[in-house]
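Descriptive structure summary
What follows is each chain in one-letter form.
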Amino acid sequence: MKDKNTMPFVTLETIVSLCKRRGFVFPGSEIYGGLAGTFDYGHLGLALKDNIKRLWWRMFVEERDDMYGIGAAILMNSKVWEASGHVSGFNDPLVECRNCKGRFRADHLEDANTCPTCGKSGTLGEARQFNMMFETRAGVSDDASATVYLRPETAAGMFVNFKNTIDAYHPKLPFGLAQIGKAFRNEIAPRDFIFRLRELEQMEVEYFVRPDEWERAFSQWEEVMSVFAREVGIDIEHFHPTEIPPGDLAHYSKRTIDFEFDYPFGRKELWGLAYRTDFDLLAHTKGSTVPLEYFDETTGEKIVPHVIEPSLGVDRTLLAILTSAYREETTGEDTRVYLALPPKIAPIKAMVSPLLKNKPELVERAKEIRAQLKKIHPAIAWEDNGNIGKRYRRQDEIGTPFCITIDFDTLGENQELKDTVTLRHRDTGEQERLAISEVEERLRSALG
Ligand code: ATP
């Protein structure tokens, strides 16, 4: 087994190749040569992503009494992005090489004088600001008023619905809005698989507090994010909450923590947590001329709440989980690859298999048992190809925590073992003989 404490413990190529081979993630538009910064999720990747989002929704919304969900449109009135500062300021510094015409992010260059593609020195031009929003048009008109942007973050959809939420639900402070959805950024140099994408997915919260209560709320969300990291299967040894020094804070933020992760290509931002003061509500009040305030019934005062924003990228989370879960176990000449995913995150919860596929009585009983287990969770796979060892290996590689094998003893060939099955554990390879009811119990408790 590789030493997980030496960095990087798995290469990005290994993860990319596993994702493609086993149908987690494919390059976007691949048969047409691809489209940089886009990836397509296959059946297993989609299931994994769904499980991440579901757990997030449960922990950040459903288990609390102070959170409201929102599903805002991706296309929003352009005035939203003027007010938020994105039209003028959502920029990255772009430099171009005079020799090879390559374009790079100036702040990502290892050597500011040398082109990373052609290697020439002194050919990089002056940095200019490049706006990262994707622009398109709404309707048939082609004048400037028809310009709309694909949202570069989900946050704005929550600020513009602050008043609607107060009017509809009358929440008391503190309360928050949560949204999961796609965001689009025209990154100058998309790279590192699903780490830096042009089409990405975010899970964000805007949590509204009284101005003097921000510190307590900030610490609470910091804790929730760390617990979520553990629950979702991120290796805590490689997870680093990092305080942003005051001099490096964005203009709207009074405190920010970047949660960094040791990806195979280095330590990089996984998630962010920011105290955004009253910047957004004031900006949208000014932009829309609609007051975004909270009426405090106890004091009779109108206040503009301050905002704590936990912001998590779904794709970066998925990549951190796969990096954390990847294991190679070598015995002699043989190497077994498995993903040590938490059962509630694993795309497939268990695999059911008849020992032999050409024995109808075994197949029939195995199908019955699978149908029974599907009542606990629908993601129960069926495998009958190749020998049992190969079937286990295939499931190991996609992170299936349990494999259940039905043999002649299950059918009662050995009366004492009737209605028992073999339960095999992914991480240890250990096998137990258990009654079907016990297997059901194990599955239930593993899925929490
Ligand atoms: P970076 O500095 O890496 O560009 P950022 O600070 O611009 O990231 P935020 O604006 O804070 O990122 O976005 C919130 C979260 O959305 C990030 O923590 C990350 O998880 C995710 N995210 C941002 N940009 C991308 C991207 N291009 N591809 C994938 N996920 C992204």
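For the structure, check the block above.
This write-up is about the structure you can find in this document. Please read these numbers as outputs of a predicted model, since none were measured by experiment.

The next point concerns the environment of Asp427. Residue position: Asp427 is located in the loop between β23 (420–425) and β24 (431–435). On the neighbour-count criterion, Asp427 (13 C-beta atoms within 10 Å) is partly exposed. The sequence separation of Asp427 and Met132 amounts to 295 residues, and the corresponding C-alpha distance is 43 Å. Discounting residues that sit within four places of it in the chain, Asp427 has contacts with Tyr338 and Ala340.

The environment of the ligand is formed by 16 residues, the closest being Leu197, Leu200, Gly272, Ser311 and Gly313. Sorting the residues of the shell around the ligand by element identifies β11 (199–209), β14 (266–277), β17 (306–313) and α9 (314–325) as the ones contributing at least two each. Ranked by the residues each element gives to the shell around the ligand, the list is headed by β14, at four residues.

With that out of the way, let us pick up the sheet that holds strand β5 (residues 91–96). Read across the open sheet, the three strands follow the order β6-β5-β7; overall the sheet is antiparallel. Both edges of this open sheet fall to β6 (103–105) and β7 (128–131), since each of them pairs with a single strand only. Ignoring strand direction, the axes of neighbouring strands in this sheet form an average angle of 50°. Pairing analysis gives four bridges linking β5 to β7, with the strands arranged antiparallel. Looking at β7, one finds that Asn91 is bridged to Asn131.

Turning next to the sheet that holds β23. Sheet architecture is open: five strands sit in the order β21-β20-β22-β23-β24, paired in mixed fashion. Two strands bound the open sheet, and with one partner strand each, they are β21 (380–382) and β24. For this sheet the average axis-to-axis angle between neighbouring strands, irrespective of direction, equals 30°. In this sheet, strand β22 (residues 402–406) lies alongside strand β20 (residues 350–354) in parallel orientation, the contact comprising five bridges. Counted as the bridge partner of Val352 is Ile404 from β22. Sheet strands touched by helix α13 (residues 436–447): β20, β22, β23 and β24. Its angle to β24, the strand with the most contacts, is close to 115°.

Attention now goes to the packing of helix α2 (residues 43–62) against α9. One way to put it is that α2 packs onto α9 with a least axis distance of 10 Å and a crossing angle of 110°. Taken together, the axis directions place α2 and α9 in an arrangement best described as roughly perpendicular. Taken together, the residues of α9 that come into contact with α2 (itself represented by Leu48, Lys49, Ile52 and Lys53) are Val314, Thr317 and Leu318. Residue composition of the contact of α2 with α9, by class: four nonpolar, one polar and two charged.

Turning our attention to the environment of Pro190. Relative to the elements of secondary structure, Pro190 occurs in the loop between β10 (175–184) and β11. Accessibility expressed as a C-beta count within 10 Å gives 20 for Pro190, which makes it buried. Counting along the chain gives 154 residues from Pro190 to Ala36, while the straight-line C-alpha distance between them is 6.6 Å. Beyond its immediate sequence surroundings of up to four residues, Pro190 is in contact with Ala36, Gly37, Arg196, Leu197 and Arg198.

Here we come to the nonpolar core. Counting 93 residues, the largest nonpolar core has Ile321, Ala350 and Ile404 as the members making the most contacts within it. Lining this core are residues from two domains, each supplying at least three of them: domain 1 (12–90 + 132–323) and domain 2 (348–447). When near neighbours in sequence (up to four residues on either side) are disregarded, Ala350 contacts Leu373, Ile380, Thr400, Phe402, Cys403, Ile404 and Leu443.

Once that is clear, we can look at helix α10 (residues 360–374). Helix length check: α10, at 15 residues, gives a terminal C-alpha distance of 21 Å against a target of 21 Å (1.5 Å per residue), a fit within 8%. Among the residues of α10, Leu362, Arg365, Ala366, Ile369 and Leu373 are the ones counted as buried. Each buried residue of α10 sits inside an arc of 100° when the element is viewed along its axis, so together they form one side. Across α10 from its buried face, at more than 90 degrees, point the exposed residues Pro360 and Ala371.

On to the packing of α2 against helix α7 (residues 214–232). In the contact formed by α2 and α7, the axes pass within 11 Å of each other and the chain directions differ by 145°. Crossing geometry of α2 relative to α7 is assigned as right-handed. Packed against α2, whose contacting residues are Ile52, Leu55, Trp56, Met59 and Phe60, the element α7 presents Val224, Phe228, Glu231 and Val232 at the interface. When its residues are assigned to classes, the contact of α2 with α7 shows eight nonpolar, no polar and one charged.

Quick look at unusual backbone geometry now. The omega torsion of the bond from Leu173 to Pro174 falls at -5°, within 30 degrees of zero and hence cis. By the element assignment, Pro174 lies in the loop between α6 (162–169) and β10. A positive phi is found at Asp192, a non-glycine position, where the angle reads about 60°. Considering the arrangement of structural elements, one finds Asp192 in the loop between β10 and β11. Its identity is not glycine, yet Thr277 carries a phi of approximately 50°, on the positive side.

Cut-off values and rules
- Residues numbered from 1 in each chain as written.
- Predicted model: local features only at pLDDT ≥ 70, side-chain atom pairs only at ≥ 80, totals over all residues.
- Helix = DSSP H or I, 4+ residues; strand = E, 2+ residues; numbered from the N terminus.
- Buried ≥ 20, exposed ≤ 12 C-beta atoms within 10 Å, placed from the backbone.
- Contact = placed C-beta atoms within 7 Å.
- Near = placed C-beta within 6 Å.
- Pairing = 2+ DSSP bridges.
- Axes fitted to C-alpha atoms, helices over the stretch in contact; angles between N-to-C directions.
- Parallel < 35°, antiparallel > 145°, perpendicular 65-115°, else oblique.
- Nonpolar A, V, L, I, M, F, W, Y, C, P; charged D, E, K, R; others polar.
- Core = buried A, V, L, I, M, F, W, Y, C linked by C-beta atoms within 7 Å.
- Domains from an automatic or database assignment.
- Expected span 1.5 Å × (residues − 1).
- Arc of directions from axis to C-beta.
- Left-handed = near helix turned anticlockwise from the far one by under 90°.

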